[in-house]
Amino acid sequence: SVTPHILDLYYASSIGGKGTLEDLVEQGLASIFDAQSAIDTSKARGIRQMRQIVALQSGQEQVTDDLVANLDSLEYPLFFLDFETSRIPVPYHVGMNPYEQVTFQFSCHVVRSRGSTNLEHFEWINTQDVYPNFEFAAQLRNVLGDSGTIIVWSPFEQTAIKDIVVQAKKYEYKDSELIDWLSALH
């Protein structure tokens, strides 16, 4: 087994264009370092891929000036947020459409101030047999409040929030203050 494997590369499927990843694997080239010559460093994704490779080769974190500047500009507290949702073909709750999103869990780690090493953890999971999205939103607001910086791994959480705003109109949800708060997040 090869470590680090080529599939550990950030967006490995994008290297060198269509079929390149498959070609490398067919040639028996399975190390992340075998991908180096196929990475397009004129694009942001390629730059990030090369940073990953350099970090692996050197054993050192890659901290760029723009990362430091971006981190310094963040408003505290910092909220590291993750959602869990489902979109099933057969609606679970009355009145829902097929594949309509249900947000049933969040996890949030909070750093309250610059230089703090204390990490607070908050979570919420729906344990009731009721449509959870609006309770999810209310509990999320209790954790996030009205100031700070939300950090997510991908745009998924933002999409989930937009879906809840749309669902609020569909289901004629009455807490306009909560919906305004959600709308300001995305």
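None of these values were measured; they are calculated from a predicted model.

## A word on a nonpolar patch on the surface
- Together, Val63, Leu67, Val68 and Leu71 give the surface a local cluster of nonpolar side chains, amounting to about 310 Å² of exposed area.
- If you trace the backbone, leucine 67 turns up in helix α3 (residues 65–72).

## Some points on the nonpolar core
- One finds Phe83, Phe106, Cys108, Leu140, Leu144 and Leu182 to be the most contacted residues of the largest nonpolar core, which totals 22 residues.
- Only β1 (78–86), β2 (102–111), α4 (133–144), α5 (156–170) and α6 (176–185) provide two or more residues apiece to this core.
- Take this core: its biggest share by element is six residues, from α4.
- Residues contacting leucine 144, with those up to four places away along its chain left out, are Phe79, Leu81, Cys108, Ile150, Trp181 and Leu185.
- Counting eleven residues, the second-largest nonpolar core is a separate cluster that includes Leu9, Leu21, Leu24 and Ile53.

## Observations regarding unusual backbone geometry
- The omega torsion of the bond from threonine 3 to proline 4 falls at -5°, within 30 degrees of zero and hence cis.
- Along the chain, proline 4 falls in the segment before α1 (20–26).
- The omega torsion across tyrosine 76 and proline 77 is 5°, close enough to zero to call that bond cis.
- Here proline 77 lies in the loop between α3 and β1.
- Phi is positive for tyrosine 11, which is not a glycine, with a value near 45°.

## Notes on the side chain of threonine 103
- Mapped onto the fold, threonine 103 is located in strand β2.
- With residues near it in sequence (within four places) discarded, threonine 103 still touches Glu84, Thr85, Trp124, Pro132, Asn133, Phe136, Ala160 and Ile164.

## A closer look at the packing of α4 against α6
- As a packed pair, α4 and α6 sit with axes 10 Å apart at the nearest point and diverge in direction by 70°. The orientation of α4 relative to α6 falls into the category roughly perpendicular. α6 is crossed by α4, and the crossing has left-handed handedness. Two secondary-structure elements touch here, α4 through Phe134, Ala137, Ala138, Leu140, Arg141 and Leu144 and α6 through Glu177, Leu178, Trp181, Leu182 and Leu185.
- Its residues assigned to classes, the contact of α4 with α6 shows nine nonpolar, no polar and two charged.

## Let's talk about the packing of aromatic side chains
- Under the criterion given, the structure shown has seven aromatic pairs.
- Judged by centre distance (5.5 Å) and plane angle (85°), the rings of phenylalanine 106 and phenylalanine 136 are edge-to-face. A residue pair is termed long-range when its members are at least 10 positions apart, and phenylalanine 106 in strand β2 and phenylalanine 136 in helix α4 qualify at 30 residues. Grouping residues by exposure puts phenylalanine 106 and phenylalanine 136 together as buried.
- Each ring, one from tryptophan 124 and one from phenylalanine 136, has its centre 5.9 Å from the other, and the planes form 75°; the classification is edge-to-face.

## Thoughts on the pairing of β1
- Two strands pair when backbone bridges link them, and β1 and β2 are joined in this way by nine bridges, in the antiparallel orientation. Pairing of threonine 85 across the sheet is with threonine 103, part of β2.
- In the sheet, β1 pairs with strand β4 (residues 149–151) via three bridges, with the strands oriented parallel. Paired with leucine 78 across the strands is threonine 149, a residue of β4.

Conventions used here
- Residues numbered from 1 in each chain as written.
- Predicted model: local features only at pLDDT ≥ 70, side-chain atom pairs only at ≥ 80, totals over all residues.
- Heavy atoms only, no water.
- Patch = residues over 30% accessible without salt bridge, like charges linked within 9 Å, V, L, I, M, F, W, Y side chains within 5 Å.
- Areas by Shrake-Rupley, 256 points an atom, 1.4 Å probe, with all protein chains shown as cover.
- Salt bridge = Lys/Arg side-chain N within 4 Å of Asp/Glu carboxyl O.
- Helix = DSSP H or I, 4+ residues; strand = E, 2+ residues; numbered from the N terminus.
- Core = buried A, V, L, I, M, F, W, Y, C linked by side-chain atoms within 4.5 Å.
- Buried < 20%, exposed > 50% of the residue type's maximum accessible area, 1.4 Å probe, protein only.
- Contact = heavy atoms within 4.5 Å.
- Axes fitted to C-alpha atoms, helices over the stretch in contact; angles between N-to-C directions.
- Parallel < 35°, antiparallel > 145°, perpendicular 65-115°, else oblique.
- Left-handed = near helix turned anticlockwise from the far one by under 90°.
- Nonpolar A, V, L, I, M, F, W, Y, C, P; charged D, E, K, R; others polar.
- Phe/Tyr/Trp six-rings, centres within 6.5 Å; stacked < 30°, edge-to-face > 60°.
- Pairing = 2+ DSSP bridges.

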